[in-house]
Each structure stands twice: as C-alpha cells, then as structure tokens.
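Architecture and fold: a report
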Amino acid sequence: TRVRSSAASDVYKRQIFMFIPFGILAPVLFKRMKKMYWCVLAGFLVSCTIEISQLLTQRGYMQIDDVLTNTAGAMAGWLIWKIVTLLTGFLKSEFT
C-alpha cells in the first residue's frame, strides 16, 4: 500500500502543478482575475470543462479529485502571482 499511496501523492502533486501557470497568467491577462475569487472560480470552471469533456468523449477518467487539485493549483498560482506583485511593488517603492 505504501507504493500506491506514493503514486497517488505524485498524481495529486502533478495535478496541482499543472494549474499553477493558470493561476499566475490569468491575473496578468485579465483584469477581473486579479481578485482571487474570480481566478479560482475560473480555474474550477476550466477544470470542470476538462472533466466533463473526458466524460463525454470517453477519453480519460472523470474524477472529482482532479477538479479539487486543479482548483488548488489555480489558487496556489494566484497566491504566487500576488506575492510577486506585492514584492515587486515594495521593491520599486524602496529603490525609486
């Protein structure tokens, strides 16, 4: 069982990492996504769209776990974007 739990953990990590770029790029490209609520909601909806398309096309497996981990990845990406934005704004004000 240890091997199975390790493999499952790797899958969850990959699912989260896959959506981090979404969470970083969405607020850069779309003004509304600068609010965490909208960015995470968009990540959730994109993930739901992917999972529903898997169900309809019978390619892959539709899993709620994927939706949750993808949404967590979008949130993590948004947090990274927010921290970088705050730090760069702070550094600009300190050195100008």
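Our structure is the block above this text.
Described below are features of the structure shown in this document. As the structure is a computational prediction, the values presented were derived from the model and not from experiment.

**Considering the overall build of the chain**
Helix and strand counts for the chain come out as three helices and zero strands. Secondary structure of the chain in N-to-C order comes out as α-α-α. The C-alpha radius of gyration computed for the chain amounts to 16 Å, which surpasses the reference 12 Å derived for 96 residues by more than 25%, pointing to a less compact arrangement than a globule. Each of the three principal axes of the chain carries a C-alpha extent, and together these read 55 × 35 × 15 Å. When the 96 residues of the chain are sorted by exposure, 24% land in the buried category. With 11 positive and 5 negative side-chain charges, the chain shows a spacing of 7 Å between the two charge centroids.

**A closer look at the nonpolar core**
Across soluble globular proteins, nonpolar side chains show a tendency to be buried alongside one another. Counting residues in hydrophobic clusters, the biggest one holds six residues: Ala26, Met33, Cys39, Ala42, Trp78 and Trp81. Contributing elements (two or more residues each) for this core: helix H2 (36-57) and helix H3 (64-95). The residues touching Ala42, leaving out its near neighbours within four places in the chain, are Phe22 and Met33.

**As for a nonpolar patch on the surface**
A cluster of nonpolar side chains, contributed by Leu25, Val28, Leu29 and Phe30, occupies part of the molecular surface with about 420 Å² of accessible area. With respect to the helices and strands, Phe30 occurs in the loop between helix H1 (2-29) and H2.

**With respect to the side chain of Thr69**
Examined against the element boundaries, Thr69 turns out to sit in helix H3. In this structure Thr69 comes out as buried when scored by relative accessible area, which is 10%. Of note is the side chain of Thr69, whose polar atom sits 3.2 Å from the backbone oxygen of Asp66. For Thr69, the residues in contact, after removing those within four places along its chain, are Tyr12, Gln15 and Ile16.

**Remarks on the packing of aromatic side chains**
What the rule picks out here adds up to three aromatic pairs. Between the aromatic rings of Tyr37 and Trp38, the centroid separation amounts to 5.0 Å while the plane-to-plane angle is 80 degrees, which identifies the pairing as edge-to-face.

**Side note on a positive patch on the surface**
A cluster of like positive charges, contributed by Lys31, Lys34, Lys35 and Lys82, occupies part of the molecular surface. Mapped onto the fold, Lys82 is located in helix H3.

**Considerations on unusual backbone geometry**
One non-glycine residue with positive phi stands out, namely Gln58, at about 55 degrees. For Gln58, the location among the structural elements is in the loop between H2 and H3.

Criteria and thresholds
- Residues numbered from 1 in each chain as written.
- Predicted model: local features only at pLDDT ≥ 70, side-chain atom pairs only at ≥ 80, totals over all residues.
- Heavy atoms only, no water.
- Helix = DSSP H or I, 4+ residues; strand = E, 2+ residues; numbered from the N terminus.
- Rg over C-alpha atoms; globule rule 2.2 N^0.38 Å.
- Buried < 20%, exposed > 50% of the residue type's maximum accessible area, 1.4 Å probe, protein only.
- Lys, Arg positive; Asp, Glu negative; His and termini not counted.
- Charge placed at Lys NZ, Arg CZ, Asp CG, Glu CD.
- Core = buried A, V, L, I, M, F, W, Y, C linked by side-chain atoms within 4.5 Å.
- Contact = heavy atoms within 4.5 Å.
- Patch = residues over 30% accessible without salt bridge, like charges linked within 9 Å, V, L, I, M, F, W, Y side chains within 5 Å.
- Areas by Shrake-Rupley, 256 points an atom, 1.4 Å probe, with all protein chains shown as cover.
- Salt bridge = Lys/Arg side-chain N within 4 Å of Asp/Glu carboxyl O.
- Polar contact = N/O pair within 3.5 Å; in protein donor to acceptor, adjacent residues only side chain to side chain.
- Phe/Tyr/Trp six-rings, centres within 6.5 Å; stacked < 30°, edge-to-face > 60°.

These figures capture arrangement, not role.
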